[in-house]
Amino acid sequence: MFFWRNEHKKTRNRFTWFEKWIMDRRVYRTLQTEMQMRSRSISRLFKNYLSTAPQIPVKSKSNVHLLIDGTYLPNGLCLILYYDHDIRYVQLYRTSSQEKFREIYQDLKALKSLGVQVYSVTCDGHKSILKAVAKVYPNAIIQRCVVHVKRQCRVYLSRKPKLQAGKELLAISNQLTAVKTQQQCSYWLLSLHNWYQLHRDTLLEESVNEQSGDYWKTHDRLHRAYTLLYQAIPNLFNYLNDPEIPATTNRLESFFKHLKEKLLLHSGLRLEAKRSFIKWYLHFKNNP
């Protein structure tokens, strides 16, 4: 009996070290002394654990405020998370090569078949996500992540635009995350409208290749930034009508950053091992 208890304790302790290897800044070299094992033995033990990664069960099912976002990881992996904002829980995930409509549609169908009723979806506005949500959860409220919209405008306009119109539009887009009330929303919409009236000619100016007859927007990136803001408006401020709806996917941004740091630390893992690593990481995040 004493021997059995010691073996049980040793097994439990080893799994605790495995969890630290997944979640903390631990590598085989630093674990050798603590575990009193050689690196090769630790590697073999942890590979066994990786091969038995648990499935993620669905927890919340009613009035779910879902965050959907994807990020790109080493080896060309695209990780897509379906995160329940209310209970701080990953309901579903997928590793793929990119954010594909067919796969996101299948994932949402799977959630729906399990009885998950989605009240709102906060996302970056990726067309594949919007199209899939519209088909599976047509009544769900869409909230565009205001941080993504603001960030993308900065990409289009740069941090220091040369055009006066670009400087003013950047200032307007930077105010997005400061909108907290309906009154502030009205002021923001008015400022965008006034900007358009003032800079309409510049925005719509076109250049022409006289030989080929081809034409394009002279200030293409300015046009892209304005179009992004204008087209996002219907789904940009739904969080003001319902404070339960998250305005951003920021919670997933920190999630992704932490995971990438861990994968960088264990960059020697092969592709399948990385998939299993991600599954364990999500399991431990869901069950702190």
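Residues numbered from 1 in each chain as written. Predicted model: local features only at pLDDT ≥ 70, side-chain atom pairs only at ≥ 80, totals over all residues. Heavy atoms only, no water.

## Observations concerning the packing of aromatic side chains
We count it as follows: Note on ring pairs: Phe, Tyr and Trp rings are taken, using the six-membered ring of Trp, and paired if centres are within 6.5 Å. Classes follow the plane angle, with under 30 degrees stacked, over 60 edge-to-face and the rest tilted. Secondary structure counts use DSSP, requiring at least four H or I residues in a row for a helix and at least two E residues in a row for a strand, with both numbered from the N terminus. Only protein chains enter the accessibility calculation, which uses a 1.4 Å probe; a residue is then buried when its area is under 20% of its type maximum, exposed when over 50%, and partly exposed in between.
What the rule picks out here adds up to 21 aromatic pairs. Look at tryptophan 21 and phenylalanine 277: their rings are 5.6 Å apart centre to centre, the planes differ by 80°, and that puts the pair in the edge-to-face class. On the criterion of sequence distance, the pair formed by tryptophan 21 in helix H1 (residues 2-23) and phenylalanine 277 in helix H11 (residues 271-286) is long-range, its members being 256 residues apart. A residue is classified by how much of its surface remains accessible, and phenylalanine 277, at 0% relative accessible area, is buried. These aromatic residues form a ring-pair network of at least three members: Phe15, Phe18, Trp21, Phe46, Tyr49, Phe277, Trp280 and Phe284.

## Digging into the side chain of threonine 248
Put simply, the rule reads: Pairing of N or O atoms within 3.5 Å defines a polar contact, subject to two protein rules: one partner must be a possible hydrogen donor and the other a possible acceptor, and residues neighboring in sequence count only if both atoms are side-chain atoms. Only heavy atoms enter the contact rule, under which two residues are in contact if any of them lie within 4.5 Å.
Looking at where threonine 248 falls in the secondary structure, it is placed in the loop between helix H9 (220-232) and helix H10 (250-265). Polar side-chain contacts of threonine 248 include one of 3.2 Å to the backbone nitrogen of asparagine 250. When near neighbours in sequence (up to four residues on either side) are disregarded, threonine 248 contacts Leu67, Thr122, Cys145, Val146 and Val147.

## What about the layout of surface pockets?
The gaps of empty space that remain are located by a probe, the size of a water molecule, rolled over the atoms. This is how it is decided: Detection works on a 1 Å grid of protein atoms alone, calling trapped sets that fit a 1.4 Å probe cavities and calling open sets with protein on both sides within 12 Å along at least five of seven lines pockets, with lining residues defined by an atom within 4 Å of a point. Grid points are joined across faces, edges and corners, and a volume is the space filled by probe spheres set on the points. Any residue outside Ala, Val, Leu, Ile, Met, Phe, Trp, Tyr, Cys, Pro, Asp, Glu, Lys and Arg is labelled polar, Gly included; the first ten of those are nonpolar and the last four are charged.
Roughly 420 Å³ of volume is contained in the largest pocket. If you trace the largest pocket, you find 17 residues lining it, with Asp124, Gly125, Arg144, Gln152 and Leu228 closest to the centre. Contributing elements (two or more residues each) for the lining of the largest pocket: helix H5 (127-136), helix H6 (146-157) and H9. Its residues assigned to classes, the lining of the largest pocket comprises six nonpolar, six polar and five charged. In this structure, the second largest pocket spans a volume of roughly 220 Å³. Every residue lining the second largest pocket is counted, 13 residues in all, and those nearest its centre are Tyr28, Lys47, Gly268, Leu269 and Arg270. Considering every element that reaches the lining of the second largest pocket, the biggest residue donor is helix H3 (residues 39-50), with three residues. A breakdown of the residues in the lining of the second largest pocket according to their chemical character gives seven nonpolar, four polar and two charged.

## Quick notes on the packing of H6 against helix H7 (residues 164-174)
Basically, it comes down to this: Angles run from 0 to 180 degrees between N-to-C directions of axes, and those axes are lines fitted to C-alpha atoms, restricted for helices to the stretch in contact. By definition in this entry, angles of less than 35 degrees are roughly parallel, angles greater than 145 are roughly antiparallel, angles of 65 to 115 are roughly perpendicular, and the rest are oblique. Should the near helix be turned anticlockwise from the far one by less than a right angle, the crossing is termed left-handed; should it be turned clockwise, right-handed.
In contact at an axis separation of 9 Å, H6 and H7 are set at 165° when each is read in the N-to-C sense. Comparing their axes, H7 and H6 come out roughly antiparallel. For the element pair H6 and H7, the recorded crossing hand is left-handed. Touching Lys150, Cys153, Arg154 and Leu157 of H6 are Gly166, Leu169, Leu170, Ser173 and Asn174, all from H7. Each residue belonging to the contact of H6 with H7 can be placed in one class, and the counts come to four nonpolar, three polar and two charged.

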